[in-house]
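Fold and contact review
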Amino acid sequence: MISAHFLNTVQLGIKSLLVHKLRSGLTMLGIIFGVCSVIAMLAIGEGASFEAQERIKRLGSENIIINSIKPPEDNQQNASGNSFSVEYGITYKDVSRIQDTIPGVERVVPLRIIRENIRFDRNQESGQVIGTLPSYALVHNVDLVAGRFLTPTDEQFQRNVCVITEDLVRKLFPYQDPLKSSVRVKDSYYDVVGVVDETGSAEQRPQMGDSMGKAVDNNIYIPLSTARSRFGEMLVNRSSGSMSAERVELHRLIVRLTTPAAVISGERQIQHLLNHFHKKKDFELIVPLQLLREAEETKRMFNIVLGSIAAISLLVGGIGIMNIMLATVTERTREIGVRRALGAKRKDIIVQFLVETVVLSIGGGLIGVVFGIVVPLLVSWFADMKTIITAWSVLMAFGISGLTGIIFGIYPASQAAKLDPIDALRQE
Amino acid sequence: MVGHTQAADCTEVIRIRGVEKVFQVGEVLVQALRGIDLSIRQGEFVAIMGPSGSGKSTLLNILGCLDRPSSGEYFLGGEDVARMDDDVLSSVRGKRLGFIFQSYNLIPQLTVLENIQVPLIYQQEDLEEHRDRCIELGSLVGLSERLDHRPNQLSGGQQQRVAIARSLVNEPLMILADEPTGNLDSQTEIEVLGIINDLNKQGRTIVLVTHDEIVSHYAHRVIHMKDGLIDREVINEAQGVVS
């Protein structure tokens, strides 16, 4: 009975709003934009931070990554035109030093990374040849798709075997089974023993592939001992007109510590140790845990900023609603008088106008939710960005829109109810 | 005196004793009613006349429970309504009174039928339950063909007939009409007054405010007001008192 009465009031409210369709529509716009922007921006933000966090998580939160980098002064020498052999980077000695002196180190996995063309039959792809130990699989997320990863035996006997990434398989082996084939790098052939999936681990991507804006992982993993014997330590770079050679023992170390807590102190100690033995600044430390924390902090800030934008846009929308409702109350003074004369209590008038504002704001909220879901889909469709629409953002935006209607409807409704029926009836 | 009071209890719809109304206009106190005594019996047709400023609108507002007297007593159907609070007065209006206004005062966004139903909404009545009766009321005032029209699609006379149907929907004790024909041409005026007169013949109590002599001819009793007091009462012999 009461609910039927309430339905009636809602129906009446919708009817009153439909009298001024354009006006009601424009009033709703504020809420529509507010709700839509909240949901859409949160979805885009959530998607971006999810991707970033996934990438960092793949690096391992208990790892410290040490990269060899060419010191800036060597770059200058190269720029002057002299073709020089430069020597820099992490050495095998560093590996044993870290392993022996830093507390909390579980294992250190060295990597040699060589950019080379990888060939099978007539197919050719540029990629990275990564020489590493079997324990690489223990410190880095390696999803084995087929076959096996490198084994200690491979390492011991310097076998010409390799594990290649799925991306590479797709390009090199359109029809063949990679596990029964071998790929050629320079003049040597490597039997494919395994296939791994590494999509999303940007850290491993060839730099050039990145600049093309496409996520590709053309990696082939070979035993470190094999890499050492086949490629040596001198890498010769021939580029148009000049030639440079670099002598780098190891390109990357992945240091796995026993606990995440050990990562923070370990980072300082490794930094200290390497500074002591390296005269040039030819290494950099990447701490995924720290990156993760930074990413989380960034996300938190992002959410705060979004929250404020949402609050402001809904506030503006709410003020728009209040403005229109105040105008409506003035315009419908006589109607209010008539209703009062016909038995409406102040409460009934308040409910009537409140229902109208809530219908406006919830209507706007619903439309906003629809747009808020469509916009991120369009963004991920056209901009190739990951977006995640979270249920709580939809509920929150919708809830706030309803709340806005109530809060900003109370004042106009109470103004309407305050009218004296006699004065209201007298109004022309 | 005692006998009169007892008789009044059975048939009196309205009993007003010593009603005064004082308004404050800025610094000045204006006495709009200076002690009105008035009884209206069940089935009477009473016209209230008087020049503007005579207090007839103020009296109508008090009779219609839209306003409360500053002092004095007002019994509506035996109930003391002079001191009721706003909410209770609202429900008294909704349950016991029917209003007809000079400017019809229909709600523009509602259809004829919905306009007739408005008083029921505030009595928490189930509209479906009363739907047939509302349609009947519509045909009673000759608008059965136009129940789904909106007020702006109707002529003034038709709008006023909707208002009459609306005033009847809650089975009121009394219908208050404030210059019901003030905005109508003479032809429609006669039609509308005819309907009101018919209602009276069916036993409805009607109180009508007008300053049109012709309108007052329909009433049994014409009350002339002047300076906030009842100046004189004229019994209209031709109409005869129904009691």
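Fair warning: this is a prediction, and the values are worked out from it, not measured in the lab. (Residues numbered from 1 in each chain as written. Chains lettered and ligands numbered in written order. Predicted model: local features only at pLDDT ≥ 70, side-chain atom pairs only at ≥ 80, totals over all residues.)

1. A word on the overall build of chain B
From N to C terminus, chain B includes eight helices and 10 strands. The C-alpha atoms of chain B give 18 Å as radius of gyration, which agrees with the globular expectation for 243 residues (18 Å, within 12%). Considering only C-alpha atoms, chain B reaches an extent of 50 × 45 × 40 Å along its principal axes. The burial tally for chain B puts 46% of its 243 residues in the buried class. (Helix = DSSP H or I, 4+ residues; strand = E, 2+ residues; numbered from the N terminus. Rg over C-alpha atoms; globule rule 2.2 N^0.38 Å. Buried ≥ 20, exposed ≤ 12 C-beta atoms within 10 Å, placed from the backbone.)

2. A word on the sheet that holds strand β8 (residues 205-209) of chain B
Residues and elements named next belong to chain B. The six strands are arranged β6-β7-β8-β3-β9-β10 in an open sheet whose pairing can be described as mixed. A single partner strand is all that each edge strand has here, and the edge strands are β6 (97-100) and β10 (229-235). Each strand of the sheet is rotated relative to its neighbour by a mean of 20°, with strand direction disregarded. Note: β6 against strand β7 (residues 174-178), four bridges, orientation parallel. Opposite Phe99, over in β7, you have Leu176 as the bridge partner. Each of β3 (45-49), β7 and β8 touches helix α7 (residues 186-201); the most contacted strand, β8, lies at about 145° to it. (Pairing = 2+ DSSP bridges. Axes fitted to C-alpha atoms, helices over the stretch in contact; angles between N-to-C directions. Contact = placed C-beta atoms within 7 Å.)

3. A look at the nonpolar core
Of all hydrophobic cores here, the largest spans 115 residues; its most connected members are Val35 and Ile39 of chain A together with Ile48, Leu176 and Val207 of chain B. Tallying contributions element by element places helix α2 (residues 21-59) of chain A first for this core, with 12 residues. Setting aside anything within four residues of it in sequence, one finds Val207 of chain B in contact with Ile40, Val46, Ile48, Leu63, Met174 and Leu176 of chain B. Counting residues in each nonpolar core, the second largest holds 49 residues, with Ile102, Ile118, Val163 and Val196 of chain A among its members. (Core = buried A, V, L, I, M, F, W, Y, C linked by C-beta atoms within 7 Å.)

4. Some words on the sheet that holds strand β2 (residues 28-41) of chain B
Residue and element names in this part refer to chain B. In spatial order, the strands read β2-β1-β4-β5; together these four strands make up an open sheet with antiparallel pairing. Both outer strands of the open sheet, β2 and β5 (79-80), are each paired with one neighbouring strand and no more. Relative to β5, strand β4 (residues 71-76) is paired through two bridges, and the arrangement is antiparallel. Bridge pairing in β5 places Phe75 opposite Asp80.

5. Describing the interface of chain A and chain B
Listed by partner, the interface residues are 21 residues for chain A and 21 residues for chain B. Of all the secondary-structure elements, those providing two or more residues to the side of chain A that touches chain B are α1 (2-19), α12 (333-341), α13 (346-382) and α15 (421-426) of chain A.

6. Section: the domain arrangement of chain A
Interfaces are often described in size by the accessible area the parts lose on coming together. Taken as a whole, chain A is organised into domain 1 (2-55 + 294-426) and domain 2 (70-281). The C-alpha centroid of domain 2 of chain A is placed 55 Å from the C-alpha centroid of domain 1 of chain A. (Domains from an automatic or database assignment.)

7. So, the pairing of strand β6 (residues 161-165) of chain A
All names here are of chain A. Most of β6 is tucked away: five of the five residues are buried. Both faces of β6 are covered, namely the face carrying Val161, Val163 and Thr165 and the face carrying Cys162 and Ile164. Of the strand pairs in this sheet, β6 and strand β8 (residues 188-197) are connected by five bridges, and their pairing is parallel. By the bridge assignment for β8, Cys162 is matched with Val192.

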